[in-house]
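# Structure at a glance
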Amino acid sequence: MASNHKSSAARPVSRGGVGLTGRPPSGIRPLSGNIRVATAMPPGTARPGSRGGPIGTGGVLSSQIKVADRPVTQQGLTGMKTGMKGPQRQILDKSYYLGLLRSKISELTTEVNKLQKEIEMYNQENSVYLSYEKRAETLAVEIKEFQGQLADYNMLVDKLNTNTEMEEVMNDYNMLKAQNDRETQSMDVIFTERQAKEKQMRSVEEEIEQEKQAADDIIKNMSLENQVKYLEMKATNEKLLQELDTLQQQLDSQNMKKESMEAEIAHSQVKQEAVLLHEKLYELESHRDQMIAEDKSIGSPMEEREKLLKQVKDDNQEIASMERQLTDIKEKINQFNEEIRQLDMDLEEHQDSTNYGWKIIEKNTESFKKQV
């Protein structure tokens, strides 16, 4: 405190309490209404945003302060302005989104108008292309006709240059005309057959439609349970058809693979021998499996003996029944033979009586003729 008083006393003071240097001491300087003085700042620290240094022991700032470096607003002192970083708008309210939406809508409208113009241009080009295509078709037909006429004229010029006789030209003409007539007749026949086939196809399609309609009517008249069953069977049928197509494709691929492998085997003697060995191995393995199965099926000797006795007994019973059936059949055969013999005798007697009657009729006829 003594040092402070000394320093303040040693400083010359002018009238009104202002020093000669034009700055009053900080202790007696009046505060401006627009300037806020920060309080509760620790000694020796600088004010944020200012260029001031640490406070000296005399209680005054040791360096000169420029007011231009301390911008002042209505709210008081502010720090130095720095460059803006990050987004310009901190609050994204309704107006921001409306503006963003309007900008996007305007961009979409512009793009739609652009695409519409391109579509109109493409449509115009397409219509022009179609007209050009039709014109090209007509011109192609005309060119073909002119080419035919040119070929005729060239042939005529060749005939004239080679001094061909008129009779030869007429012969060529007649030959070509006959050929054209034959081709025209064949074309007429083909056209007639085509019309008949198309008519037949239309009739078949109509019959198919009628059958479909009849099937739909039958399905509609079914009960609900039968309709459900029909739909299930139809779905199953479609599934099976798909599986059939898949299996058919697999079979075709396997057949192609088989044909390719057979072709490879046909050109290789080693592969042919390998195939023969594989076939022999398969036969031996099958025979081995058969023998193993037979060995497993064979039981003990007692079981085999009982099995054979039972088989013999069954066979004897079957033989006895067959013998009885054979005896019955023989008796029936003898009976049928007796009946046949009796019928033959009756037939012979009937034929004898018939012959005797015919002889009497012939005699009477001859006597009647003589009398006449």
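Residues numbered from 1 in each chain as written. Predicted model: local features only at pLDDT ≥ 70, side-chain atom pairs only at ≥ 80, totals over all residues. Heavy atoms only, no water.

In the annotation of an unreviewed UniProt entry, the entry for the protein reads Intraflagellar transport 74, and the organism field reads Papio anubis.

It is worth spelling out the overall build of the protein at this point. A tally of regular secondary structure across the protein gives six helices and two strands. For the protein, buried positions account for 2% of its 372 residues. Contacts in the protein between residues far apart in sequence, at least 24 positions, make up 24% of those at least 6 positions apart. About 34,500 Å² of surface is accessible on the protein, with carbon and sulfur atoms providing 58% of the total. (Helix = DSSP H or I, 4+ residues; strand = E, 2+ residues; numbered from the N terminus. Buried < 20%, exposed > 50% of the residue type's maximum accessible area, 1.4 Å probe, protein only. Contact = heavy atoms within 4.5 Å. Areas by Shrake-Rupley, 256 points an atom, 1.4 Å probe, with all protein chains shown as cover.)

It is worth spelling out the confidence of the model for the protein at this point. Of all residues in the protein, 71% have pLDDT values of 70 or greater, and the mean over the chain is 77. Considering only residues more than four positions removed or in separate chains, one finds that residues 1-63, a stretch of pLDDT under 50, has 42 contacts. When the criterion is pLDDT under 50, residues 65-71 qualifies, and its contacts beyond four places in sequence or with other chains add up to eleven contacts. (pLDDT = per-residue confidence, 0-100.)

What the rule picks out here adds up to one aromatic pair. Between Y96 and Y97, the ring centres sit 5.3 Å apart and the planes meet at 70°, which makes this aromatic pair edge-to-face. (Phe/Tyr/Trp six-rings, centres within 6.5 Å; stacked < 30°, edge-to-face > 60°.)

So, about the pattern of salt bridges. Considering all chains together, one arrives at five salt bridges under this definition. With its nearest N and O atoms 3.1 Å apart, the salt bridge here joins R194 to E198. With R194 and E198 both in helix α3 (residues 166-221) and four residues apart, the pair spans about one turn of that helix. Judged by its relative accessible area of 32%, E198 falls in the partly exposed class. The salt bridge involving R341 is made with E338; its shortest N-O contact spans 1.8 Å. (Salt bridge = Lys/Arg side-chain N within 4 Å of Asp/Glu carboxyl O.)

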